[in-house]
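Residues per chain are reported as follows:
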Amino acid sequence: MAKPDCPDITPRDPMPRRLNLPDSASIATPAEDGRMFAPSAARNAEAIAELVAAHAPETGRALELAAGTGEHAVVLAGRLPGLSWQPTDIDADRRRSIDAHAAQAGLANLQPAIELDATAPGWAATHGGQDLILLVNLLHLISETEARILIAEAAQALAPGGRLILYGPFLRDGETTSEGDAQFHAALTAQDPEIGYKDDWDVIEWIHQNFLDLVQVIEMPANNMGFVARKP
């Protein structure tokens, strides 16, 4: 587990912007076989798997947005064999990494990665009927406008009774809760004032604005949070 005062973050590159992330963020390292590895992904994989397993349906379709290196996808598809797990990412190198991890794991329910910009309007029209949608460590790297689009599209893409799970670092009532989070949030907003940690109450409001029921807000290791919402 990461130190309690350090954000446990696997950086993503959802949009054309390129961020010079501080040392508190774990950068993915490529291997010769195409797989990429992020130390934080290994650290938080079990906690995320426990969160998802507690709220995911036993069967159905699962869509992972901004799946990054693919390390989480392998763990989750293995943990939830009744779900058809569809990882997505906008970045071609990340999609290659996801597929390389999947090839080694050999899981029948883990689908080849597909290109998807989760911050773009309209993607729900071609990805509907999802029983589970998961987003890990992205909202702090995109703007509020992009975050609201993502949640709105995810709400539309869910099947009735489907679950949306959001995981990552957030502000609590407008405040960071550790020195590490304060430094990371400041570093992000210094590069782009439109990005940075989102407030927990704002996320709850966006969930409700899209006619989703808030199921639970969970404190997670390394000062992260999990939000679980359900489509009626």
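A few points on the structure.

Cut-offs used in this document
- Along each chain, residues carry numbers from 1 onward, in the same order as the chain's sequence is written.
- Residue-level local features of this predicted model are given only where pLDDT is at least 70; pairs of side-chain atoms are given and counted only at 80 or more, and the full residue set underlies all totals for whole chains, interfaces and linings.
- Computation of side-chain values: all heavy atoms of the structure, hydrogens and water removed.
- Classification of residues uses two cut-offs on accessible area relative to the type maximum, computed with a 1.4 Å probe and protein chains only: under 20% is buried, over 50% is exposed, and between them is partly exposed.
- The way it works is that DSSP assigns letters per residue, a run of H or I at least four long becomes a helix, a run of E at least two long becomes a strand, and they are numbered from the N terminus.
- A pair of strands is labelled paired if DSSP reports no fewer than 2 bridges between them.
- All axes are obtained by fitting lines to C-alpha atoms, using only the stretch in contact for helices, and the reported angles, taken between N-to-C directions, cover 0 to 180 degrees.
- Should an angle lie under 35 degrees it is considered roughly parallel, over 145 roughly antiparallel, and from 65 to 115 roughly perpendicular; all remaining angles are considered oblique.
- By the definition used in this description, the sense in which the near helix is turned from the far one sets the handedness, with an anticlockwise turn below a right angle giving left-handed and a clockwise turn giving right-handed.
- Here, two residues are considered to be in contact whenever any of their heavy atoms come within 4.5 Å of each other.
- Here the term charged refers only to Asp, Glu, Lys and Arg, the term nonpolar to Ala, Val, Leu, Ile, Met, Phe, Trp, Tyr, Cys and Pro, and the term polar to all other amino acids, Gly among them.
- Centre distance within 6.5 Å is the pairing criterion for rings of Phe, Tyr and Trp, where only the six-membered ring of Trp is used; planes under 30 degrees apart are then read as stacked, over 60 as edge-to-face, and the remainder as tilted.

**Digging into the pairing of strand E9 (residues 224-230)**
Where burial is concerned, most of E9 is hidden: six out of the seven residues are buried. For strand E6 (residues 158-171) and E9, the ladder comprises seven bridges, and the chain directions are antiparallel. Bridging across to E9, proline 169 finds its partner in asparagine 224. Pairing of strand E8 (residues 213-219) with E9, which is carried by six bridges, proceeds in the antiparallel orientation. Among the inter-strand pairings, glutamate 219 is bridged to a residue of E9, identified as methionine 225.

**Some words on unusual backbone geometry**
A positive phi angle, near 50 degrees, is found at alanine 66, a position not held by glycine. Relative to the assigned elements, alanine 66 resides in the loop between strand E3 (60-65) and helix H2 (71-79). Its relative accessible area of 11% is what places alanine 66 among the buried residues. One non-glycine residue, alanine 222, lies in positive phi territory at about 60 degrees.

**Regarding the packing of helix H4 (residues 144-157) against helix H6 (residues 200-209)**
Taken N-terminus to C-terminus, the directions of H4 and H6 make an angle of 40 degrees; their axes are 9 Å apart at the nearest point. Here H4 lies oblique to H6, going by the angle between them. Crossing angle aside, the handedness with which H4 passes H6 is right-handed. Only Trp206, Ile207 and Gln209 of H6 make contact with H4, whose side of the interface consists of Glu144, Ala147, Arg148 and Ile151. Classifying every residue of the contact of H4 with H6 gives four nonpolar, one polar and two charged.

**Concerning the packing of helix H1 (residues 39-55) against H2**
The N-to-C vectors of H1 and H2 enclose an angle of 35 degrees; their axes lie 9 Å apart at closest approach. When you trace H1 past H2, the crossing you get is right-handed. Each of Ala41, Asn44, Ala45, Glu46, Ile48, Ala49, Glu50, Val52 and Ala53 in H1 lies in contact with H2, whose residues at this interface are Glu71, His72, Val75, Leu76 and Arg79. Classifying every residue of the contact of H1 with H2 gives eight nonpolar, two polar and four charged.

**Some details on the packing of aromatic side chains**
One pass over the full model with this rule turns up two aromatic pairs. Between the aromatic rings of phenylalanine 170 and phenylalanine 227, the centroid separation amounts to 4.9 Å while the plane-to-plane angle is 75 degrees, which identifies the pairing as edge-to-face. On the criterion of sequence distance, the pair formed by phenylalanine 170 in strand E6 and phenylalanine 227 in strand E9 is long-range, its members being 57 residues apart. The pair formed by phenylalanine 170 and phenylalanine 227 is uniform in burial state, with each residue classed as buried.

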